[in-house]
Amino acid sequence: MMKKHKPSTVAVHAGRSPEMHQGAVNPPVYHVSTILYPDVATMEERGTRPFEGMTYGRFGTPTTFALEEAVCALEGGHRSVAVPSGLAAITLVLESFLKHGDHVLVTDSIYHPTRRYCDGHLKANGIETTYYDPLIGAGIADLIRPNTKLVFVEAPGSLTFEIQDIPAIAAEAHKKGVVVAMDNTWATPLFFKPFEKGVDLSVQAATKYIVGHADAMMGLVTCANADLWQIVKMRAAALGLGVGAEEAYLALRGLRTLPVRLERHQETAILLATWLKRRPEVLRVLHPALQDDPGHKLWRRDFTGSCGLFAFVMKTSDKKHVDAFLDALQLFGLGYSWGGYESLAIPADQGIKRTVASWNPGGLTIRLHAGLEDADDLIADLEQAFGRL
Ligand SMILES: Cc1ncc(COP(=O)(O)O)c(C=O)c1O
């Protein structure tokens, strides 16, 4: 039914079953670990299909199922699995499809904790990672080996904002039977439809825009088909990755207003980015929705919008100047996350780790998250902070 509706309608209606909850418009928060069965026969029969309906709290409750159903409807996939954080969703994908002796291709622009997991845990378990240039496109074919099992893409990178040619990468991967996973947190399921572009597994750090209020952690893996879902769900169960009832509820509540919030984040970020481009202190703005951005063509082809997260490069390479600017900000908080209602800023350079595609933007980089405040107030805040330089 959801397939024929537009995303903002799906965000409001998906995963709701008032008839199951005495008419309550929102699914209740199920605080439960133990599920009781009426007799042994039922208990044993339900044990043969533990992931259907409620069998044990860790495998999901109606609150979790509602969240999974709603996110899945927006992503356009087969079925989702909710896990306790965005990073848990990423590591779950890696754990599900890689074993000793396998090889994984990961974009050099990857979220740093994902890289840390590959270089630490995967390596220690005999799984080799090759990082690739985010601009590689169909050239990924040359890096695929007989033991390559997974390609992990993220677009844009959440510090450097390079866009990847995901359809080209996915086409080459699929020719060789390799599964493609994507961190789709930046675009959210609203602005990038992963399964239409060849992705097999889409990760959402729901902690960001889906929760949207900086008050809960949550991750989701959405799978293109039933076979992939079975693999991911089995592994999540084996690892004990159940999610908290309150967190699932908060994520679902956030999802209902995602489309309106995201429009505002998008609009404000573009206003700020355009203003920053004109500043004499700024060398470059990194935002794929700007026409002169190197990733703009691909972004326009594959994405239908942008969010509040972007960066800019200062002309100065003097850290003292950048620190003074950041310390002077009053409305932008200094914080590592994004996707909440509040504006944030971080010095970005320390988090940018590259091993194959060098990244020298010509000055120090600041990442901003445009929150839901008035854009004029945010610009005035940036202006007074530039005045402190
Ligand atoms: C792009 C990206 N992916 C994944 C994550 C991880 O999400 P979480 O903090 O919920 O583990 C983050 C968090 O900053 C992120 O920026």
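You'll find the structure just up there.
Keep in mind the model is a prediction, meaning the values are calculated, not measured.

### With respect to the overall build of the chain
And then number 1: For the chain, the count of helices and strands is 13 helices and 12 strands.
And then number 2: Dimensions along the principal axes, computed over C-alpha positions, put the chain at roughly 75 × 50 × 40 Å.
And then number 3: Put simply, the chain has 389 residues, and 57% of those count as buried.
And then number 4: In the chain, once contacts between residues fewer than 6 apart in sequence are set aside, the share between residues at least 24 apart is 73%.
And then number 5: Surface accessibility of the chain: about 16700 Å² in total, with carbon and sulfur atoms responsible for 54%.
And then number 6: Distance between charge centroids for the chain: 3 Å, based on 39 positive and 43 negative side chains.

### Looking at the packing of helix 4 (residues 86-97) against helix 8 (residues 226-239)
And then number 1: Remark: helix 4 packs on helix 8, axes separated minimally by 9 Å, with the N-to-C direction vectors making an angle of 110°. Judged on the interaxial angle alone, helix 8 and helix 4 are roughly perpendicular. Where helix 4 abuts helix 8, its residues Leu92, Glu95, Ser96 and Phe97 lie against Leu228, Ile231, Val232, Arg235, Ala236 and Leu239.

### Some details on the nonpolar core
And then number 1: If you look at the biggest cluster of nonpolar residues, it comprises 59 residues, and the most contacted ones within it are Leu67, Val151, Trp186, Met218, Leu255 and Phe303.
And then number 2: Of all the elements, helix 3 (residues 62-75) adds the most residues to this core, at five residues.
And then number 3: Mapping this core onto the domain boundaries places at least three of its residues in each of domain 1 (2-256) and domain 2 (259-386).
And then number 4: Residues contacting Val151, with those up to four places away along its chain left out, are Leu105, Tyr132, Ile140, Ile169, Ala173, Val178, Val179, Val180 and Ala181.
And then number 5: Residues Phe59, Ile127, Ala237 and Leu241 belong to the second largest nonpolar core, which totals 34 residues.

### Topic: the packing of helix 10 (residues 258-277) against helix 13 (residues 375-386)
And then number 1: Look at helix 10 against helix 13: their axes get within 10 Å of each other, and the N-to-C directions meet at 30°. Handedness of the crossing formed by helix 10 with helix 13: right-handed. Seen from helix 10, the contacting residues are Thr268, Leu271, Leu272, Trp275 and Leu276; seen from helix 13, they are Ala375, Leu378, Ile379, Leu382, Glu383 and Phe386.
And then number 2: For the contact of helix 10 with helix 13, the class distribution of residues is nine nonpolar, one polar and one charged.

### Observations concerning the pattern of salt bridges
And then number 1: Scanning all chains against the criterion turns up 17 salt bridges.
And then number 2: When the shortest N-O distance is used, the salt bridge between Arg49 and Glu52 registers 3.3 Å.
And then number 3: The class for Arg49 is partly exposed, based on a relative accessible area of 29%.
And then number 4: Across the pair Asp292 and Lys277 runs a salt bridge, and its minimum N-O distance is 2.6 Å. Here Lys277 lies in helix 10 and Asp292 lies in the loop between strand 8 (282-286) and helix 11 (296-302), a separation of 15 residues in the sequence.
And then number 5: Since its relative accessible area comes to 56%, Asp292 is described here as exposed.
And then number 6: Via salt bridges that share partners, Asp108, Arg115, Glu162 and Arg354 belong to a single interconnected network.

### Description of the sheet that holds strand 8
And then number 1: Spatial strand order, 8-9-12-11-10: five strands in an open sheet with mixed pairing. This sheet does not close on itself; its edge strands, each paired only once, are strand 8 and strand 10 (333-334).
And then number 2: Of the pairings in the sheet, the one linking strand 9 (residues 309-314) to strand 12 (residues 365-369) comprises five bridges and is antiparallel in character. Residue pairing in the sheet places Ala311 in a bridge with Arg367 of strand 12.

### Regarding the site of the ligand
And then number 1: Around the ligand sit 13 residues, and of these Gly86, Leu87, Asp183, Thr207 and Lys208 come closest.
And then number 2: Here Thr207 contributes a side-chain N or O atom positioned 2.5 Å from an oxygen atom of the ligand.
And then number 3: A distance of 2.7 Å separates an oxygen atom of the ligand from a polar atom in the side chain of Lys208.
And then number 4: Burial of the ligand by the surrounding chains reaches 92%, relative to a free accessible area of 390 Å².
And then number 5: Its residues placed into classes, the shell around the ligand shows six nonpolar, four polar and three charged.

Scoring rules and cut-offs
Residues numbered from 1 in each chain as written. Predicted model: local features only at pLDDT ≥ 70, side-chain atom pairs only at ≥ 80, totals over all residues. Heavy atoms only, no water. Helix = DSSP H or I, 4+ residues; strand = E, 2+ residues; numbered from the N terminus. Buried < 20%, exposed > 50% of the residue type's maximum accessible area, 1.4 Å probe, protein only. Contact = heavy atoms within 4.5 Å. Areas by Shrake-Rupley, 256 points an atom, 1.4 Å probe, with all protein chains shown as cover. Lys, Arg positive; Asp, Glu negative; His and termini not counted. Charge placed at Lys NZ, Arg CZ, Asp CG, Glu CD. Axes fitted to C-alpha atoms, helices over the stretch in contact; angles between N-to-C directions. Parallel < 35°, antiparallel > 145°, perpendicular 65-115°, else oblique. Core = buried A, V, L, I, M, F, W, Y, C linked by side-chain atoms within 4.5 Å. Domains from an automatic or database assignment. Left-handed = near helix turned anticlockwise from the far one by under 90°. Nonpolar A, V, L, I, M, F, W, Y, C, P; charged D, E, K, R; others polar. Salt bridge = Lys/Arg side-chain N within 4 Å of Asp/Glu carboxyl O. Pairing = 2+ DSSP bridges. Near = heavy atom within 4 Å. Polar contact = N/O pair within 3.5 Å; in protein donor to acceptor, adjacent residues only side chain to side chain.

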